[in-house]
Amino acid sequence: MPAKVIVRDLSKRYGGVEAVRGVSFEIGAGEIFGLLGPNGAGKTTTLECLVGLREADEGTLEVCGLDARRQPREVKQKIGVALQSTALQDKITPREALKLYGSFYRERTEPEPLLERFALTEKADARFDTLSGGQRQRLALALAFVNKPELVLLDEPTTGLDPQARRELHTEILRMKQDGHTVLLTTHYLEEAEQLCDRIAIIDHGRVIATGAPHELIAQSSAVQTVTLVTLPALARERLARLPGVHDVEESGGALRFRTERPTETLAALAALIAQERVELVELQVRKASLEDVFVGLTGRDEGAATAPGEGRA
Ligand code: ATP
């Protein structure tokens, strides 16, 4: 598939701050691509350079076949953008805002179908300051769609939303892909990237430190499976530690927890041990390595990338 976005060696500094330092990635037509990274990693700056809100210092930016540094006006006709928080006048209504935004473009969609698609029909004539956080974000997406964009760029679309509103937005974003749009989104929620994105670039301190499909990154990384085991009576820690592939055995609250790089082999040996010791199996959970494990493995820390509020890890 032809690339919708090509970023090569993008750099941007603010005075003494090197916000983006040689970032490169490509997004294929029809993909949902995620820029993932902690606060201050350079995600927003990258996105703002792509949409022409900031001037890049160095690098090549190609968007929808256009040179985004030389033809920013042409690029704007082909893309839809929802920035981190959409500030509109308190008194403007969704219908008026859609009409106003539409007037900026050669090609546009009328408010009605957009209000319907983004579940805002009931709120079409309500003042902006009376909309909930989720409704405001849906309006931001509707505004990004007003010019029938080939590429939609969403900067942290679900930050600050409750779990239900977040799920609704996820459904909308997946629908964009089904309808043939290409989507670039930034997020620091790892689950969000894992659920939505075909491919991601992990950004840290202004550099891309890994690119690929979430499942590929998980498979390539040294991230391993975690197993939780409860038996009655409990198995001896040393016996578990001797099973193939097992390491980091810990005990807490009557459960034994360990990691394994060879889960199939480990679990076969564990089943044999349970039968041999004639203990009762009360609980056995295997948790796959997550993107969070990959992130921690790559950056050596986990304080930056977040678990979405209300969405515990599987
Ligand atoms: P967040 O998740 O918090 O939005 P981000 O990954 O989007 O973070 P950026 O907003 O691109 O990161 O910021 C990258 C770096 O550039 C940070 O160190 C930030 O403080 C700095 N920065 C961003 N905008 C400006 C600005 N207008 N002036 C000076 N420094 C800036």
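The structure under discussion appears in the preceding block.
These numbers come from a predicted model, not from an experiment.

Cut-off values and rules
Residues numbered from 1 in each chain as written. Predicted model: local features only at pLDDT ≥ 70, side-chain atom pairs only at ≥ 80, totals over all residues. Heavy atoms only, no water. Pairing = 2+ DSSP bridges. Helix = DSSP H or I, 4+ residues; strand = E, 2+ residues; numbered from the N terminus. Axes fitted to C-alpha atoms, helices over the stretch in contact; angles between N-to-C directions. Contact = heavy atoms within 4.5 Å. Expected span 1.5 Å × (residues − 1). Buried < 20%, exposed > 50% of the residue type's maximum accessible area, 1.4 Å probe, protein only. Arc of directions from axis to C-beta. Polar contact = N/O pair within 3.5 Å; in protein donor to acceptor, adjacent residues only side chain to side chain.

Moving on, we come to the sheet that holds strand E12 (residues 246-252). Ordered in space as E12-E13-E11-E14, the 4 strands form an open sheet in which the pairing is antiparallel. Either end of the sheet is taken by a strand with one partner, and the two such strands are E12 and strand E14 (280-287). With direction set aside, neighbouring strand axes in the sheet form an average angle of 20°.

For the rest of this paragraph, the subject is the sheet that holds strand E5 (residues 66-67). Taken together, 4 strands build an open sheet; the order of strands is E2-E1-E4-E5 and the sheet is antiparallel. Because the sheet does not close on itself, it has two edges, and the strands there are strand E2 (17-28) and E5. Pairing of strand E4 (residues 58-63) with E5, which is carried by 2 bridges, proceeds in the antiparallel orientation. The residue of E5 that forms the bridge with Val-63 is Leu-66. Where helix H1 (residues 43-50) meets the sheet, its contacts fall on strand E1 (3-14), E2 and E4, and the angle it forms with E1 comes to roughly 115°.

On the secondary structure map, Glu-48 appears in helix H1. Leave out the neighbours within four places in its chain, and Glu-48 touches Tyr-14, Leu-53 and Arg-54.

Let us now look at helix H6 (residues 163-178). For H6, which comprises 16 residues, the first-to-last C-alpha distance of 23 Å matches the rise-based estimate of 22 Å (1.5 Å per residue) to within 8%. Along H6, the positions that sit buried rather than exposed are Ala-165, Arg-166, Leu-169, His-170, Glu-172, Ile-173 and Met-176. Along the axis of H6, the buried positions cluster into a sector of 165°, meaning they face one direction only. Exposed residues lying more than 90 degrees from the buried face of H6 are Gln-164, Thr-171 and Gln-178. In this structure, the buried side of H6 is in contact with strand E3 (32-36), helix H4 (111-117), helix H5 (133-144), strand E7 (151-155), strand E8 (182-187) and helix H7 (190-196). Its side-chain oxygen at 3.1 Å from the backbone nitrogen of Gln-164, Asp-162 defines the N-terminal cap of H6.

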